[in-house]
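Below are the chains, spelled out letter by letter.
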Amino acid sequence: MASENAQNAESQPEQPSVLTRSIEGVGQSVISMVEELGHLITLGVDVVRWGVRRPYRWVNLFFQLDFVGVGSVFIVLLTGLFTGMVFANQSARAFAMFDAQSLVGPTVALVLTRELAPVFSALMVTMRAGSAMCTELGTMRVTEQVDALETMAVNPIQYLLVPRVLAGLFMVPLLTLLFDTSGILGAYAVAVGTQGVSAGTFITRTQQWLDPIDVYEGLIKGAVFGLAVTLVCCFKGFNATGGAKGVGQATTEAMVTSALSIFILDFIVGVLLH
Amino acid sequence: MADTSSRPMIEISGLHKSFGVHKVLTGIDLTVPAGSTCVILGGSGSGKTVMMKHMIGLLKPDEGRVVIDGEDIVPMGPEALEKVRHKFGMVFQAAALFDSMDVYDNVAFPLREHRGLSEEEIRKLVRSKLDLMGLPQSAERKFPADLSGGMRKRVGLARAIVMNPKIVLYDEPTTGLDPITTDYVDEMILAAQRELGITSVVISHDIASAFNIADQIAFLNKGVILEQGPPEQLRSSQHPAVKVFLQTWFGKND
Ligand SMILES: Nc1ncnc2c1ncn2[C@@H]1O[C@H](COP(=O)(O)OP(=O)(O)OP(=O)(O)O)[C@@H](O)[C@H]1O
Ligand SMILES: [Mg+2]
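Remember, it's a predicted structure, so these values are computed and weren't measured experimentally.

**A short note on the site of ligand 1**
All names here are of chain B.
- Close contacts around ligand 1 come from 14 residues, with S44, G45, K48, T49 and Q93 the closest.
- At 2.8 Å, a side-chain N or O of Q93 approaches an oxygen atom of ligand 1.
- Between an oxygen atom of ligand 1 and a side-chain N or O atom of E172, the distance comes to 3.3 Å.
- The element that contributes the greatest number of residues to the shell around ligand 1 is helix α1 (residues 48–55), accounting for three residues.

**Quick look at the UniProt feature "transmembrane region" (unreviewed entry) in chain A**
Residue and element names in this part refer to chain A.
- The UniProt record annotates "transmembrane region" (unreviewed entry) at residues 67–88, 159–179, 185–203, 215–238 and 254–273.
- Taken end to end, residues 67–88 is 86% helix and 0% strand, and its first and last C-alpha atoms sit 31 Å apart.
- Regarding residues 254–273, the helix share stands at 100% and the strand share at 0%, and the terminal C-alpha atoms are separated by 27 Å.

**Concerning the interface of chain A and chain B**
- Listed as interface residues are 18 residues of chain A and, on the opposing side, 21 residues of chain B.
- Carbon and sulfur atoms supply 56% of the area buried between chain A and chain B, which totals about 1,800 Å² over both sides.
- In this structure, the salt-bridge partner of A:E150 is B:R85, at a minimum N-O distance of 3.3 Å.
- The tally of links from chain A across to chain B stands at seven residue pairs in polar contact (both at pLDDT 80 or more).
- Of all the elements, helix α6 (residues 145–151) of chain A adds the most residues to the side of chain A that touches chain B, at six residues.
- In terms of residue class, the side of chain A that touches chain B is made up of eight nonpolar, four polar and six charged.

**Description of the packing of helix α3 (residues 103–114) of chain B against helix α5 (residues 149–161) of chain B**
All names here are of chain B.
- At a minimum axis separation of 7 Å, α3 and α5 run at an interaxial angle of 25°. Taken together, the axis directions place α3 and α5 in an arrangement best described as roughly parallel. Seen along the crossing, α3 lies across α5 with a hand that is right-handed. Along the contact surface, α3 presents V103, N106, V107 and P110, while α5 presents V155, A158 and R159.
- Residue classes in the contact of α3 with α5 are distributed as five nonpolar, one polar and one charged.

**Here we look at the pattern of salt bridges**
Residue and element names in this part refer to chain A.
- Scanning all chains against the criterion turns up 27 salt bridges over all chains.
- Residue D214 is joined to R114 by a salt bridge in which the shortest nitrogen-to-oxygen separation is 2.9 Å. You can see D214 sitting in helix α9 (residues 212–238) and its partner R114 sitting in helix α5 (residues 104–142), a full 100 residues away along the chain.
- Under the relative-accessibility criterion, D214 is labelled buried at 8%.
- In this structure, the salt-bridge partner of E115 is K221, at a minimum N-O distance of 2.9 Å. Within this pair, whereas E115 is found in helix α5, its partner K221 is found in helix α9, the two being separated by 106 residues in sequence.
- Residue E115 is classed as partly exposed on the basis of its relative accessible area, which comes to 29%.

**Looking at the nonpolar core**
- Ranked by internal contacts, the top residues of the largest apolar core, which has 92 residues, are B:I10, B:L30 and B:L169.
- Ranked by residue count, the leading element in this core is helix α7 (residues 156–194) of chain A, at 14 residues.
- When sequence neighbours within four positions are dropped, the list of residues in contact with B:I10 reads B:L30, B:T31, B:V32, B:M55, B:V67, B:I68, B:I167, B:L169 and B:V201.
- Residues B:V91, B:L157, B:I213 and B:L246 belong to the second largest nonpolar core, which totals 46 residues.

**Considerations on the sheet that holds strand β1 (residues 8–19) of chain B**
Residue and element names in this part refer to chain B.
- Taking strand neighbours across the sheet as the criterion, the four strands line up as β2-β1-β4-β5 in an open arrangement whose pairing is antiparallel. Every other strand in the sheet has two partners, leaving β2 (22–33) and β5 (71–72) as the edge strands with one partner each.
- Sheet topology note: the β1/strand β4 (residues 63–68) ladder contains five bridges and is antiparallel. Its bridge partner lying in β4, E11 is registered against V67.

Rules used throughout
Residues numbered from 1 in each chain as written. Chains lettered and ligands numbered in written order. Predicted model: local features only at pLDDT ≥ 70, side-chain atom pairs only at ≥ 80, totals over all residues. Heavy atoms only, no water. Near = heavy atom within 4 Å. Polar contact = N/O pair within 3.5 Å; in protein donor to acceptor, adjacent residues only side chain to side chain. Helix = DSSP H or I, 4+ residues; strand = E, 2+ residues; numbered from the N terminus. UniProt positions renumbered as here; feature names shortened; annotations may be inferred. Contact = heavy atoms within 4.5 Å. Buried area = accessible area lost by both parts, 1.4 Å probe. Salt bridge = Lys/Arg side-chain N within 4 Å of Asp/Glu carboxyl O. Nonpolar A, V, L, I, M, F, W, Y, C, P; charged D, E, K, R; others polar. Axes fitted to C-alpha atoms, helices over the stretch in contact; angles between N-to-C directions. Parallel < 35°, antiparallel > 145°, perpendicular 65-115°, else oblique. Left-handed = near helix turned anticlockwise from the far one by under 90°. Buried < 20%, exposed > 50% of the residue type's maximum accessible area, 1.4 Å probe, protein only. Core = buried A, V, L, I, M, F, W, Y, C linked by side-chain atoms within 4.5 Å. Pairing = 2+ DSSP bridges.

So, in structure tokens, the structure goes:
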């Protein structure tokens, strides 16, 4: 891009200044982002509309629940465990300065359940399942398998997208719970095992501070993120054009957009819930 | 030959379609009578596939009407189109088999979707269509990625006709098949028309088989149909583009 701009500037000195053009560029990307958001929401509405209609695609749904949920258990447990351990290690050393190590448990538990668990679980699902969804749907689109479905009077949104989006909606909250559990266990192991926090303190303090509401907040976020990332990945794949290269590009965009939307939605949902 | 005065099954009028600035179809008029076979000839990239996709509503025209069995499908939404598509089978140029399913499941797919049949009945129907296409039992559990191009094509053919549709659209059904299988597929299209009264639209590059199976040939060039009529009419066409196209084949054989 940069070299292209430079070339343009050389060959056409009459063109508007770099500043004007970069402002225009930003404006253009904002406009196309808003447009794309509109298309995404339209697709979301279609997914709901076809989702409530018969026939229900149970087989496809169970396959996706298994793929998105069961398939992500190990990686989510592992991420949770290490996140909890790292977090406990750092916070224990920080709290040691104020002689407040008893707060390690509640701190880790609160931040995990409310923020880190849904965000990281959704990120792991995006990378593992979302990328696969996007490439699979993209390949089906560019090899006309989606068209073939349509010619056989099978609605591709109902057949392909609804099960995937539902799987994201149901499974990311469950994975969030697993993340919570393994994260707190990891924190316990580090805090009690290496930082000299007593087991009793860790447990009672955590119980004292951690409210079920905090866990629910994480679950709600998980559901929102799960819905958003699967919808984005399906959207990008479903609208892929231009062969293998197009599918690759769609997947890149799907990953970036999904990750961004997790962080943006995290903020929005956080504000709305309080 | 079919009675060409019978009511039209497919009626396209004033069809225009562009992709961006690229004008692909610029005013297509084509009528395919019920129970007849129409072959579409034309150079590579002349818009044959694009035209065929309009017949089944995969593409929406910028302008024009597409009437299938008396209903204009252009303004239809997805639900209404779904009903119309029950009348169709389509063979895609690149087969478009579901690569997550094996050969058997590909062919069984439309049956499972739309007919409440037992697995036994499905088995019989699938086997009969695979037999028709000369695909042995050993091919049933293979996945599309493991098939040769010609086999893939034949599976696509079997899948398109397994529901016994009223209309079958064939996008180059015999390209990439050996001469014997090509004759065989031509025979099948003819038989389908004679015995079952199926309306067929066939895109072909094979002029010999076009003249063999067609009631009507339409010649597509630069977005319009230059000539349309029975094979004899096409053969005596005065259009330079049509003459050049046909000469490549008749020139060698006459
Ligand atoms: N989805 C699309 N987007 C943009 N252009 C397209 C699209 N589909 C087809 N075209 C263009 O339309 C023109 C006609 O394409 P089409 O596939 O109908 O050709 P064809 O007559 O079937 O050729 P062939 O015999 O090689 O299959 C081509 O120039 C192609 O680039
Ligand atoms: Mg074509």
